[in-house]
Amino acid sequence: MNNIERRDRGMAYISDESVMEQQKKARILTQKLNTMDRSDFKGLGEVVKELLGKSEGAWINPPFYCDYGFNIEVGKNFFANYNCTMLDVAKITIGENCFMASNVAIYTAGHPIHPDSRNSMYEYGIPVTIGDNVWIGGNVVICPGVTIGSNCVIGAGSVVTKDVPDWTVAAGNPCRVIRKITEEDKRFIFKQQPFDKEAWENITSGKQAQVLGGSLV
């Protein structure tokens with residue numbers, strides 16, 4: 001069994017020449033994305049679509065880094081802010097309406113703990129899954145094998161090492177559930193600061209604007 005087959009079956013594998021060959025396209029596309037005119041919203045969107053394995057209207061503010069791209073699947077209205085890193089040795093699956101703040105890192109890749117095993121150059125990848133309507137705060141790290149449920153908020157600076165259930169706010173290092181998200185939270189934009197009248201009417205009427213690269217479209 002070759003190392004690509006071992007990697008894709010979730011087994012220990014070595015990043016040999018054949019594995020690195022698969023990374024070339026992603027390296028070319030991320031280089032292109034990260035050096036493009038940042039005001040070329042259409043062009044940036046086209047590169048993102050070509051890079052990711054599955055996406056619909058995804059937006060990523062460069063710089064962005066990944067290993068393969070084809071192992072990343074995102075749902076509708078995905079947004080990642082500056083300096084996002086996804087090490088997609090294994091599948092990264094992200095649902096609809098997910099927002100990521102700056103400096104979010106998602107790692108499916110890992111190495112053995114014992115130095116003798118680690119120095120053998122064997123490594124592994126374990127999938128990461130994120131549900132719908134999830135907001136990941138700035139400088140969050142998501143570790144291999146984690147599943148984050150739908151309708152969650154992960155607080156800034158968290159290191160997520162275990163699964164997070166639906167409809168929760170979770171934060172910390174290691175990340176743990178702080179509280180449930182309730183219907184009462186809908187009325188507030190920040191802590192106990194309510195939405196203004198116009199914004200609240202738009203929310204309750206279901207009127208929403210689409211945003212691309214910081215500009216309404």
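For the structure itself, look to the data block above.
No experiment lies behind these values; they were computed from the predicted model shown. (Residues numbered from 1 in each chain as written. Predicted model: local features only at pLDDT ≥ 70, side-chain atom pairs only at ≥ 80, totals over all residues. Heavy atoms only, no water.)

A.B. asks: What is the right way to look at the sheet that holds strand E20 (residues 176–180) in this model?
C.D. replies: The pairing of strands in a sheet happens through backbone hydrogen bonds and is either parallel or antiparallel. Here 7 strands make up an open sheet; going across it, the order is E3-E6-E9-E14-E17-E19-E20 and the pairing mixed. A strand with exactly one partner marks an edge of an open sheet, and here the two such strands are strand E3 (59–60) and E20. (Pairing = 2+ DSSP bridges. Helix = DSSP H or I, 4+ residues; strand = E, 2+ residues; numbered from the N terminus.)

A.B. asks: Honestly, helix H3 (residues 24–35) in this entry has me stumped. Any pointers?
C.D. replies: Residues lying three or four places apart along an α-helix face the same way, a consequence of the helix completing one turn every 3.6 residues. Over its 12 residues, H3 extends 17 Å from the first C-alpha to the last, a length consistent with the 16 Å expected when each residue adds 1.5 Å. Listed as buried for H3 are Ala26, Leu29, Thr30, Leu33 and Asn34. Taken down its axis, H3 places every buried residue within 130° of arc, on the same side. Summarising the geometry of H3, the exposed residues directed more than 90 degrees from the buried face are Ile28 and Thr35. (Expected span 1.5 Å × (residues − 1). Buried < 20%, exposed > 50% of the residue type's maximum accessible area, 1.4 Å probe, protein only. Arc of directions from axis to C-beta.)

A.B. asks: Mind showing me how you'd approach the pairing of strand E7 (residues 84–87) here?
C.D. replies: Put simply, side chains in a regular strand alternate between the two faces of the sheet. Here strand E4 (residues 64–66) pairs with E7 via 3 bridges, running parallel. Bridge pairing in E7 places Tyr65 opposite Thr85. Bridge count between E7 and strand E10 (residues 105–107): 3 bridges; the pairing is parallel. Across the sheet, Thr85 pairs through a bridge with Ala105, a residue of E10.

A.B. asks: Can you walk me through the sheet that holds strand E1 (residues 13–14) in this structure?
C.D. replies: Pairing is antiparallel across the open sheet formed by 3 strands, whose spatial order is E1-E12-E11. Edge positions in the sheet fall to E1 and strand E11 (109–110), since each of these pairs with one other strand and no more. Where E1 meets strand E12 (residues 122–125), 2 bridges bridge the pair, whose relative direction is antiparallel. Paired with Ile14 across the two strands is Tyr122, which belongs to E12.

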